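Topology and contacts: notes
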Amino acid sequence: MMPQHLEQVVFVAGHRGMVGSAIVRRLQALGYSNILTAERNELELIRQTEVESFFKKHAIGQVYLAAAKVGGIHANNTYPAEFIYENMMIEANLIHSAHLAGVKKLLFLGSSCIYPKLAEQPMKEDALLTGTLEATNEPYAIAKIAGIKLCESFNRQYGRDYRSVMPTNLYGPNDNFHPENSHVIPAMMRRFHEAVLAQTDEVVIWGSGTPMREFLHVDDMAAASVHVMNLPLETYQAHTEPMLSHINVGTGVDCTIRELAEKMAKVTGFTGKLVFDATKLDGTPRKLMDVSRLNRLDWQARIGLEDGLRETYAWFLANQDRYRQA
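The present account deals with the structure reproduced in this document. (Residues numbered from 1 in each chain as written. Predicted model: local features only at pLDDT ≥ 70, side-chain atom pairs only at ≥ 80, totals over all residues. Heavy atoms only, no water.)

1. Notes on helix H8 (residues 218-229)
The condition that has to hold: A helix here means a DSSP run of H or I that spans at least four residues, while a strand means a run of E at least two residues long, and both kinds are numbered starting from the N terminus. The length a helix should cover is 1.5 Å for every residue beyond the first. Relative accessibility thresholds used throughout: buried, under 20% of the residue-type maximum; exposed, over 50%; partly exposed, between the two (1.4 Å probe, protein chains only).
Here H8 spans 16 Å end to end across 12 residues, near enough to the 16 Å set by a 1.5 Å rise per residue. With respect to burial, H8 is a largely interior element, 10 of its 12 residues being buried. Those residues of H8 lying buried are Val-218, Asp-220, Met-221, Ala-222, Ala-223, Ala-224, Ser-225, Val-226, Val-228 and Met-229.

2. Some remarks on the nonpolar core
Test applied: Side-chain atoms within 4.5 Å are what join buried Ala, Val, Leu, Ile, Met, Phe, Trp, Tyr and Cys residues into a set we call a nonpolar core. What makes two residues a contact is simply this: any of their non-hydrogen atoms within 4.5 Å.
Judged by nonpolar contacts, the single largest core of 42 residues is most densely connected at Phe-11, Phe-55, Ile-60 and Leu-94. Looking at this core, the elements with two or more residues in it are strand E1 (9-13), helix H3 (48-57), strand E3 (60-65), helix H5 (80-100), strand E4 (105-109), helix H6 (138-158) and strand E5 (161-167). Sort the elements by how many residues they give to this core and H6 lands first, with 6 residues. Those residues within four positions of Phe-11 in sequence are excluded, and the remaining contacts are Leu-36, Thr-37, Ala-38, Leu-43, Phe-54, Phe-55, Ile-60, Gln-62, Val-63, Tyr-64 and Leu-94. Counting residues in each nonpolar core, the second largest holds 32 residues, with Val-165, Val-218, Met-229 and Leu-231 among its members.

3. Considering the pattern of salt bridges
The test is simple: Here, a salt bridge means any side-chain nitrogen of Lys or Arg that lies within 4 Å of a carboxyl oxygen of Asp or Glu.
With the rule as written, the count across this model stands at 11 salt bridges. For Lys-105, the salt bridge goes to Asp-161, with nearest N and O atoms at 3.1 Å. Of this pair, Lys-105 sits in strand E4 while Asp-161 is found in strand E5, placing the two residues 56 residues apart along the sequence. Accessibility expressed as a relative area gives 11% for Asp-161, which makes it buried. Close ionic contact of Lys-266 with Glu-306 constitutes a salt bridge, the shortest N to O distance being 3.1 Å. Residue Lys-266 is located in helix H10 (residues 257-268), and its partner Glu-306 is located in helix H12 (residues 305-319); the two are separated by 40 residues in the primary sequence. Given the relative accessible area of 57%, Lys-266 is considered exposed. Several salt bridges converge on common partners, so that one network encompasses Lys-266, Glu-306, Asp-307 and Arg-310.

4. Side note on H12
With 15 residues, H12 should reach 21 Å at 1.5 Å per residue; the first-to-last C-alpha distance of 21 Å fits that figure. Those residues of H12 that are buried are in contact with strand E6 (169-171), helix H7 (184-198), strand E9 (215-217), strand E11 (255-256) and H10.

5. Considering unusual backbone geometry
Most peptide bonds adopt trans geometry, and most residues besides glycine take a negative phi value. Across the junction of Gln-121 and Pro-122, the peptide omega takes the value -10 degrees, indicating a cis bond. Turning to its location among the elements, Pro-122 is positioned in the loop between E4 and H6. With a phi angle near 70 degrees, Asn-174 is a residue other than glycine that sits in the positive phi range. Within the secondary structure, Asn-174 is located in the loop between E6 and H7.

6. Describing the packing of aromatic side chains
The test is simple: Two aromatic rings, drawn from Phe, Tyr or Trp (for Trp, its six-membered ring), form a pair once their centres lie within 6.5 Å of each other, and the interplanar angle then sorts them: stacked below 30 degrees, edge-to-face above 60, tilted otherwise.
Tallied over the entire structure, the rule returns 9 aromatic pairs. Considering the side-chain rings of Phe-83 and Tyr-140, the 6.3 Å spacing of their centres and the 80 degrees angle between planes classify their relative orientation as edge-to-face. In this pair, Phe-83 is assigned in helix H5 and Tyr-140 in helix H6, connecting sequence segments 57 residues apart. Each of the two residues, Phe-83 as well as Tyr-140, counts as buried. Each ring, one from Phe-177 and one from Trp-315, has its centre 6.3 Å from the other, and the planes form 25 degrees; the classification is stacked.

7. Re the sheet that holds strand E10 (residues 247-249)
Adjacent strands of a sheet form backbone hydrogen bonds with each other and so pair up, either parallel or antiparallel. Stated formally: Strand pairing is assigned whenever DSSP identifies at least 2 bridges connecting the two strands. Lines fitted to the C-alpha atoms define the axes, with helices restricted to the stretch that makes contact. Angles between their N-to-C directions range from 0 to 180 degrees.
Taken together, 6 strands build an open sheet; the order of strands is E2-E1-E3-E4-E5-E10 and the sheet is parallel. Strands at the two margins of the open sheet, each flanked by one partner only, are strand E2 (35-36) and E10. Here 3 bridges tie E5 to E10, and the two strands are oriented parallel to one another. Residue pairing in the sheet places Val-165 in a bridge with Ile-247 of E10. Contacts from H8 reach E3, E4, E5 and E10, with the element oriented near 145 degrees to E4.

8. Some remarks on the sheet that holds strand E13 (residues 286-287)
Taken in spatial order, the 3 strands of this open sheet run E11-E8-E13, and their pairing is mixed. Of all strands in the sheet, those with a lone pairing partner are E11 and E13, marking the two edges. Relative to E11, strand E8 (residues 212-213) is paired through 2 bridges, and the arrangement is antiparallel. Across the sheet, the residue bridging to Met-212 is Thr-256, located in E11.

9. Some thoughts on the packing of H10 against H12
In a packed pair of helices, the relevant descriptors are the angle between the two axes and the axis-to-axis distance. Spelled out, the test is: Oblique is the label for every angle not falling under 35 degrees (roughly parallel), over 145 degrees (roughly antiparallel), or within 65 to 115 degrees (roughly perpendicular). Two helices cross in a left-handed way if the nearer one is turned anticlockwise from the farther one by less than a right angle. They cross in a right-handed way if the turn is clockwise. When residues are sorted by character, Ala, Val, Leu, Ile, Met, Phe, Trp, Tyr, Cys and Pro go into the nonpolar class, Asp, Glu, Lys and Arg into the charged class, and all the rest, Gly among them, into the polar class.
The interhelical angle for the contact between H10 and H12, taken along N-to-C directions, is 45 degrees, at an axis separation of 10 Å. It follows from the interaxial angle that H10 and H12 lie oblique. Regarding H10 and H12, the two cross each other, and that crossing is right-handed. In this structure, H10 uses Leu-260, Lys-263, Met-264, Lys-266, Val-267 and Thr-268 to contact H12, whose residues at the interface are Leu-305, Glu-306, Leu-309, Arg-310 and Tyr-313. A breakdown of the residues in the contact of H10 with H12 according to their chemical character gives 6 nonpolar, 1 polar and 4 charged.

10. Focus: the pairing of E5
What counts here: Think of it like this: strands point away, you trace from the first strand over the helix to the second, and a clockwise trace means the crossover is right-handed.
Among the 7 residues of E5, 7 are classified as buried, and the element is accordingly described as predominantly covered. Along E5, one buried face is formed by Asp-161, Arg-163, Val-165 and Pro-167 and the opposite face, lined by Tyr-162, Ser-164 and Met-166, is buried too. Taken together, the 5 bridges between E4 and E5 define a ladder with parallel strand orientation. Bridge pairing links Leu-107 to Arg-163 in E5. Where the polypeptide runs from E4 across H6 and back to E5, its parallel neighbour, the crossover connection is right-handed.

Put into structure tokens, the structure is as follows:
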């Protein structure tokens, strides 16, 4: 007989995105037999009545809240109203509708941008709300903080088991490889790939190359999400606090942008020169997550950066038709 938790209905909101699709793959690999998803034309998450009706229609046992409006610095800075409004509506509708439908377990996925711009490194969970946020993505960060507090509030008032995980910089299959609107790994990967095709002898990297960043493969993020979701409640509560309940997810290891570029050159087969344009902004000198809480809960990242980049590049090569016009 199949274990009971593998048979319950598990709703993955945002299953088309990089993280949501990875969670679906992870659940399938573990033998979950009743994974529920919904296309946007079936369910508009910013519409409260649609979300409430969806939860009434399905006997949902668990919810992975991976749906979000996401983008890079340019998009966050250009469309702050959409980023705060849509993300707050998505999470408010899903969390409240889950509660109304009696769903006891939910996992909310946030972002490392919830922490103050000048947070001590590595960033611990208790740095939340201790300082000013980075200005360009403040609306998105505020929305993600609100999601954490929504979960905590329903736990405190109604005894729900709604948990939150905060990932570091993610990359992997189904990422956005747009040359301008994507994050550092996909943008750099595409640039190196095009340099190899064009047989150019140099690739220009924005900034000095000295800032340090942490990167987590999305399949590791999915594995961590399922692990945290299924921890016994007493275990989860023993490692968190009612009003400080989120858990960082990362590798605990970072590298310089120069080191990342060197690995990218190796993975893509680029043999030319790396040129660093120091006239471009570097951003925060370092962003590293403290993952000791997650490690104490018996989970560690398994995919090394170079292996992860190699796997992601293979996926990009197999799917590049969708990016040619981007």
